[in-house]
Amino acid sequence: MANQKRGPAQLSAKTVQTLLAFASLILLLIIFTIASPNFFKFENLIGILLATSVNGILAVGITFIIITGGIDLSVGTVMTFGSVMAGVFITFWNLPIAIGVIAGVLAGAFCGFLNGFSIAKLKIPPFIATLGMMMITKGLNLVLSGTKPIYLVDKPAFGQIAAFPVLGIPLGVIIFFISALIAAFILSKTILGRYTYAIGSNEEAARLSGINTHAWKMGIYSLGGAFAGIAGIVMASRLQSAQPALGAGYELDAIAAAVIGGSSLSGGEGGILGTVIGAFIITVLTNGLRILSVPQEWQMVVTGMIVIGAVYLDILRRKVQ
């Protein structure tokens with residue numbers, strides 16, 4: 001089981017995969033810096049950090065779910081649901097910003113809990129359960145907002161959640177790094193992390209060893225939803241509005257970041273550091289192609305090819321082990 005101590009070969013394989021992802025990121029930075037003098041400008045690098053913060057927080061949350069052998073297609077619209085709920089609390093109900101932020105995060109966690117309940121208790125396949133949640137939250141976002149953006153420009157303190165500079169770095173980026181550090185601690189140092197790996201490696205063996213796999217899976221999906229709620233707050237703060245039509249497609253970038261970073265869609269393997277690197281690879285690639293005036297449709301083609309390549313490399317690595 002994955003909660004047992006890993007051998008040197010396994011540790012070495014994981015380290016090599018993380019180093020390869022990091023080397024790929026450095027290579028992309030070098031290529032785009034050479035290709036365009038505008039790429040390595042301070043303003044563009046800050047833009048990359050800010051763009052990565054939202055996708056990175058989503059990817060950190062979905063890493064737990066992927067390690068269990070599951071998937072969550074709803075994180076993009078759940079992210080938007082968190083931002084819409086925050087907008088409703090702050091703007092429609094005129095409640096304090098802190099209450100709105102908490103409501104947004106809890107809304108995401110609740111959606112994650114419902115996903116976990118559907119998967120663990122109702123035995124609905126993760127793909128179908130989370131696809132259903134994606135449609136539910138997509139509809140609720142439009143209903144709660146009246147199909148219109150909820151503007152928060154008259155709440156300047158809310159805008160500072162993402163934009164407030166800390167030593168020249170926007171607070172939204174700091175929130176992303178703190179989220180990643182907390183997730184890394186949970187995954188490597190707590191019982192939740194050990195059981196996440198155990199469920200992903202062999203759920204039946206984990207259940208027979210006395211682990212309440214149903215309860216832990218609901219907790220893991222709830223955690224993923226909470227991270228989606230946090231991402232929603234950062235996104236709404238960046239835009240100074242809750243955009244109800246936004247969110248669809250973000251789940252693909254989040255999954256791609258986790259897979260590129262070494263998380264196996266078969267479950268049992270993955271780590272937060274690799275996911276963070278994967279998130280930066282996705283953003284740097286998108287940003288660099290945009291600066292080079294590559295059409296958006298070709299940007300998606302390139303990203304899709306990279307994801308397929310990352311999954312195929314994971315399949316080859318598993319055959320070798």
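Keep in mind it's a predicted model, so treat the numbers as computed, not measured. By convention here, each chain's residues receive numbers from 1 onward along its written sequence. pLDDT decides what is reported in this predicted model: residues at 70 or higher carry local features, side-chain atom pairs at 80 or more are listed and counted, and totals for whole chains, interfaces and linings draw on all residues regardless. To obtain the side-chain values, all non-hydrogen atoms of the structure were included, while hydrogens and water were left out.

S.K.: Break down unusual backbone geometry for me, with residues and values.
M.R.: Peptide bonds are trans in most cases, and residues, glycine excluded, mostly fall at negative phi. Positive phi values are uncommon outside glycine, yet Lys123 reaches one of about 65 degrees. Tracing the backbone through its elements, the reader meets Lys123 in the loop between α4 (97–120) and α5 (126–145). Of note in the backbone geometry, Gln240 takes a positive phi value of approximately 55 degrees without being a glycine. Within the secondary structure, Gln240 is located in the loop between α10 (213–239) and β4 (241–242). According to the relative accessible area criterion, Gln240 is partly exposed, its value standing at 30%. Secondary structure counts use DSSP, requiring at least four H or I residues in a row for a helix and at least two E residues in a row for a strand, with both numbered from the N terminus. Buried residues are those whose accessible area, probed at 1.4 Å on protein chains only, stays under 20% of the maximum for their type, while exposed residues exceed 50% and partly exposed ones sit between those limits.

S.K.: With reference to specific residues and values, describe the packing of aromatic side chains.
M.R.: Note on aromatic contacts: the rings of Phe and Tyr and the six-membered ring of Trp form a pair at centre separations within 6.5 Å, being stacked when their planes are under 30 degrees apart, edge-to-face when over 60 apart, and tilted otherwise. For the structure shown, the criterion picks out eight aromatic pairs. Summarising the aromatic geometry, the rings of Phe32 and Phe39 are spaced 5.6 Å apart at their centres and angled 40 degrees between planes, so their arrangement reads as tilted. Of the two residues examined, Phe32 and Phe39, each falls in the buried class. Joined through ring pairs, the aromatic side chains of Phe176, Phe177 and Phe280 make up one cluster.

S.K.: Mind laying out helix α12 (residues 272–291), listing which residues take part and the relevant values?
M.R.: With 20 residues, α12 should cover 28 Å at 1.5 Å per step; its first-to-last C-alpha distance of 28 Å lies within 8% of that length. Counting buried residues along α12, 16 of its 20 residues qualify, which places the element largely inside the surrounding structure. Multiply 1.5 Å by the residue count of a helix minus one, and that product is the helix's expected span.

S.K.: Describe the pattern of salt bridges, with residues and values.
M.R.: Every case where a carboxyl oxygen of Asp or Glu lies within 4 Å of a side-chain nitrogen of Lys or Arg is listed as a salt bridge. In total, this model carries two salt bridges according to the counting rule given. Lys217 is the partner of Glu203 in a salt bridge, and the nearest nitrogen-oxygen pair spans 3.4 Å. One end of the pair, Glu203, is in helix α9 (residues 203–208); the other, Lys217, is in helix α10, and 14 residues separate them in sequence. Glu203 sits in the partly exposed class, given a relative accessible area of 29%.

S.K.: Tell me about the nonpolar core, and name the residues and values.
M.R.: Ranked by size, the top nonpolar core spans 69 residues in total, and within it Phe64 and Ile272 carry the most contacts. The residues contacting Phe64, other than those within four sequence positions of it, are Ala183, Ile186, Leu187, Thr196, Ile220, Leu223, Phe227 and Ile272. Counting seven residues, the second largest nonpolar core, distinct from the first, contains Ala86, Leu152, Phe158 and Ile233. Take the buried residues of types Ala, Val, Leu, Ile, Met, Phe, Trp, Tyr and Cys, join any two whose side-chain atoms come within 4.5 Å, and each joined set is a nonpolar core. Any pair of residues with heavy atoms lying within 4.5 Å of one another is described as a contacting pair.

S.K.: Give a detailed account of the packing of helix α2 (residues 42–67) against helix α11 (residues 250–260), specifying residues and quantitative values.
M.R.: If you want to describe how two helices pack, look at the angle between their axes and the distance between the axes. To get an axis, fit a line to the C-alpha atoms, keeping to the stretch in contact for a helix; angles then go from 0 to 180 degrees between the N-to-C directions. Direction vectors running N to C along α2 and α11 enclose 65 degrees, while the axes themselves pass 8 Å from each other. Between α2 and α11, the crossing angle belongs to the class labelled roughly perpendicular. Classified by chirality, the crossing of α11 by α2 is right-handed. For the pair α2 and α11, contact is made by Val54, Asn55, Leu58, Ala59, Ile62, Thr63 and Ile66 and by Tyr250, Asp253, Ala254, Ile255, Ala257 and Ala258, respectively. When residues are sorted by character, Ala, Val, Leu, Ile, Met, Phe, Trp, Tyr, Cys and Pro go into the nonpolar class, Asp, Glu, Lys and Arg into the charged class, and all the rest, Gly among them, into the polar class. Its residues assigned to classes, the contact of α2 with α11 comprises 10 nonpolar, two polar and one charged. When describing relative orientation, an angle under 35 degrees is termed roughly parallel and one over 145 degrees roughly antiparallel, while 65 to 115 degrees is termed roughly perpendicular and anything else oblique. Note on convention: near helix rotated counterclockwise from far helix by under a right angle means a left-handed crossing. Clockwise means right-handed.

S.K.: Give a description of the side chain of Ser53 that names residues and reports values.
M.R.: Tracing the chain through its elements places Ser53 in helix α2. Judged by its relative accessible area of 0%, Ser53 is buried. Residues adjacent in sequence count toward polar contacts only when both atoms are side-chain atoms; beyond that, a polar contact is any pair of N or O atoms within 3.5 Å, and within protein one must be able to donate a hydrogen and the other to accept it. From its side chain, Ser53 meets the backbone oxygen of Leu50 in a polar contact 2.5 Å long. Ignoring any residue separated from it by four or fewer positions in sequence, one finds Ser53 in contact with Gly172, Val173, Phe176 and Val234.

S.K.: Let's hear about α11: which residues, and what values?
M.R.: Extensive coverage of α11 is indicated by the burial of eight of its 11 residues. Taken together, the buried positions of α11 are occupied by Glu251, Ala254, Ile255, Ala256, Ala257, Ala258, Val259 and Ile260.

S.K.: Mind laying out the side chain of Ser222, listing which residues take part and the relevant values?
M.R.: Along the polypeptide, Ser222 turns up in helix α10. Overall, the relative accessible area of 16% leaves Ser222 in the buried class. A distance of 3.4 Å separates a polar side-chain atom of Ser222 from the backbone nitrogen of Phe113. Once residues lying within four places of it in the same chain are set aside, the contact partners of Ser222 are Ala109, Gly112 and Phe113.

S.K.: Please give an account of the environment of Phe127 that cites residues and values.
M.R.: With respect to the element layout, Phe127 can be found in helix α5. A relative accessible area of 47% places Phe127 in the partly exposed class. Along the chain, Phe127 and Asp72 lie 55 residues apart, while their C-alpha atoms are 6.9 Å from each other. Leave out the neighbours within four places in its chain, and Phe127 touches Ile71 and Leu73.

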